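Okay, here's what each chain looks like letter by letter:
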Amino acid sequence: MSTDVVQYTVLGLISARTQGAHGYQLKTEFDALYGEFWSLNYGQLYRTLDRLERAGFIEGTEQFQSGRPSRKVYRITASGRQSLDDWLLLPPTYEPRPLRDDLSVKLLFLTDAKQTETLDLVRDQRAIYLQRLARLTKRRSVLEEAGHDDSFVTRLLLVQADMRVRADLAWLDLVEAELLQRTGKPDASSRPASPRAR
Amino acid sequence: MIRFTNVTKIFGEGPTQVDALRDLSLDVPARQFCAIMGPSGSGKSTVLHLVAALTKPTTGEIYLGDRPLSRMTERDAALMRRREIGFIFQFFHLIHYLDAEENVALPLLLDGHSFGAARERTERVLTLVDLIHRRHHKPTELSGGEMQRMAIARALVTSPRVILADEPTGNLDSTATHAIMRLLRRGSEELDVTVLMVTHDPVCASYGDRVVRLVDGRIVEDIDVSERPTLEEDEGAEGAVKLPRMR
């Protein structure tokens, strides 16, 4: 995610809370929305909040809590809301960059001599995608059973996530099929298939 | 619950010989939900047919519980299919002139239960799949998702030990796929059923505990996907699992 997108995502999350939001809440909401596919650590979040505050898009007030350190609650400002609205209606500029993940780059440079090892890489990648997808699926079930499936945006984002993983996995199937065709062996793997735990 | 030991299955001979499974060993413990994936022709469906004793292995043995299937007579195998295995297919295989209740009750009636005895069980599983309000509808009066729910109820009505599912969501859209898979998952957990499901759809497989991939009749991957996130992960945050409402 580019800095801009992160910034507006955080701004959007804050805008949805009229009572304001503190860092921990924002992190939780960000993770609930994107957590399976994008990670935002506390460092990035607080840097983003600083930047938004310096730009005058949000304002933070210290909130004292008995027995615990005080925390800062952020609310969106009028200029923040204006900036968010402007950004939302800006035509998309995002260009997909398929060669960003390390497996794609490795495939560029791996030679035929290393086909067996390449096949292992492809299969490891598939295991990671499937495990992620399973976590996403289970999170979706937890949310739906808790009655939080009523937002159409949430539903659309979950469908998008499914479609992306399906596409990634379909591509890995293709890579595997082509590699196998070159080696001519279905089980051309350097290791036996044993239950692979996370 | 289901165990394959060094199973080979060869169809045909000579130039038309097809090695569907090659020295396959697989152990699916009781109550596990195991998805089988792989390209077409990889032997996925053969695995299901072998568990149901609809075909015999060329070499090797298959156990259901502790019983080797090779020692079973045809009659025993038919009884086992009727009482211990529930089947779910891509195209539902429902009987079109019977209503939901009758379709679901059918395995019990075939097994000699009275309609009265069958009714109680039928109502229970129809409720479980959230189809009780459609009990008097015929399959043609229902959506694809509802027909598959009816088929799941029919598979569960005998309280089988094992469910064999072949592309259960192959014919459904994304929303219905999730709904069906959630039901199958919940139903199998509530009734302590072991599930073996063939699918080409990773989303469908992601409802399992385990994904086994076959390529050319061999297991090339065996992936544990059973980790479950819980609401507790987010405990401490107010409105932890509430997703933001975006415009």
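Residues numbered from 1 in each chain as written. Chains lettered and ligands numbered in written order. Predicted model: local features only at pLDDT ≥ 70, side-chain atom pairs only at ≥ 80, totals over all residues.

## Focus: the overall build of chain B
Secondary structure assignment for chain B yields seven helices and 10 strands. Considered along the principal axes of its C-alpha atoms, chain B spans approximately 65 × 50 × 30 Å. Counting over 247 residues, chain B shows a buried share of 43%. Intrachain contacts of chain B at a sequence separation of at least 6 include 70% that bridge at least 24 residues. (Helix = DSSP H or I, 4+ residues; strand = E, 2+ residues; numbered from the N terminus. Buried ≥ 20, exposed ≤ 12 C-beta atoms within 10 Å, placed from the backbone. Contact = placed C-beta atoms within 7 Å.)

## Some details on the overall build of chain A
A tally of helices and strands in chain A yields seven helices and three strands. Written out in order from the N terminus, the α and β elements of chain A read α-β-α-α-β-β-α-α-α-α. Put simply, chain A has 198 residues, and 24% of those count as buried. Sequence separation of at least 24 residues holds for 59% of the intrachain contacts in chain A that already meet a minimum separation of 6.

## Some points on the nonpolar core
Membership of the largest hydrophobic core comes to 76 residues, with the highest contact counts inside it found for B:Ile36, B:Val51, B:Ile152, B:Ala153, B:Val162, B:Leu164 and B:Leu196. If we ignore the near neighbours within four places in the chain, the residues touching B:Val162 are B:Met1, B:Ile2, B:Leu64, B:Glu84, B:Ile85, B:Val193, B:Thr194 and B:Leu196. Among the nonpolar cores identified, the runner-up in size contains 16 residues, and A:Leu13, A:Leu49, A:Phe57 and A:Ile76 belong to it. (Core = buried A, V, L, I, M, F, W, Y, C linked by C-beta atoms within 7 Å.)

## Quick notes on the sheet that holds strand 1 (residues 2–11) of chain B
Residues and elements named next belong to chain B. An order of 2-1-4-5 is seen for the four strands of this open sheet, with the pairing classed as antiparallel. Because the sheet does not close on itself, it has two edges, and the strands there are strand 2 (18–28) and strand 5 (67–68). Both strand 1 and strand 2 contribute to a ladder of seven bridges, which runs antiparallel. Looking across to strand 2, one finds that Val7 is bridged to Leu24. The strands touched by helix 1 (residues 44–51) are strand 1, strand 2 and strand 4 (59–64); relative to strand 1, the strand with the most contacts, the crossing angle is about 115°. (Pairing = 2+ DSSP bridges. Axes fitted to C-alpha atoms, helices over the stretch in contact; angles between N-to-C directions.)

## Here's the deal with the environment of A:Leu136
Structurally, A:Leu136 is set in helix 6 (residues 115–145). Residue classification places A:Leu136 among the buried positions, given that 20 C-beta atoms sit within 10 Å.

## What to know about the sheet that holds strand 2 (residues 58–65) of chain A
Residues and elements named next belong to chain A. Strand order in this open sheet of three strands is 1-3-2, and the pairing throughout is antiparallel. Only two strands of the sheet have a single neighbouring strand rather than two, namely strand 1 (21–22) and strand 2. Of the pairings in the sheet, the one linking strand 2 to strand 3 (residues 68–76) comprises seven bridges and is antiparallel in character. In the sheet register, Gln63 faces strand 3, and the bridge partner there is Arg71.

## Details of the pairing of strand 7 (residues 162–166) of chain B
All names here are of chain B. The element strand 7 is extensively covered by neighbouring structure, given that four of its five residues are classed as buried. As defined by bridge partners, strand 7 adjoins strand 8 (residues 194–198) across five bridges and the pair is classed as parallel. Bridge pairing in strand 8 places Ile163 opposite Val195. After leaving strand 7, the chain enters helix 6 (residues 174–190) and then returns to the sheet as strand 8, a path that is right-handed. (Right-handed = clockwise from strand over helix to strand, strands pointing away.)

## Side note on the confidence of the model for chain A
Per-residue pLDDT for chain A has a mean of 81; in total, 81% of the residues score no lower than 70. Mean pLDDT across the elements of chain A bottoms out in helix 5 (residues 102–109) of chain A (78) and peaks in helix 3 (residues 42–54) of chain A (93). (pLDDT = per-residue confidence, 0-100.)

## Concerning unusual backbone geometry
All names here are of chain B. Of note in this structure, Asp23 is not a glycine but carries a positive phi near 50°. You can see Asp23 is positioned in strand 2. Notably, Asp192 is not glycine yet its phi reads approximately 55°, a positive angle. With respect to the secondary-structure elements, Asp192 resides in the loop between helix 6 and strand 8. On the basis of neighbour counts, which here come to 10 C-beta atoms within 10 Å, the residue Asp192 falls in the exposed class.

## As for the packing of helix 5 (residues 144–156) of chain B against helix 6 of chain B
Residues and elements named next belong to chain B. With their axes 10 Å apart at the nearest point, helix 5 and helix 6 run at an angle of 15° to one another. Classified by the angle their axes make, helix 5 and helix 6 are roughly parallel. The two elements helix 5 and helix 6 cross, and the hand of that crossing is right-handed. Where helix 5 approaches helix 6, its residues Gly144, Gly145, Gln148, Arg149, Ile152 and Leu156 are matched on the opposing element by Ala176, Ala179, Ile180, Leu183, Leu184 and Gly187. A per-class count over the contact of helix 5 with helix 6 returns seven nonpolar, four polar and one charged. (Parallel < 35°, antiparallel > 145°, perpendicular 65-115°, else oblique. Left-handed = near helix turned anticlockwise from the far one by under 90°. Nonpolar A, V, L, I, M, F, W, Y, C, P; charged D, E, K, R; others polar.)

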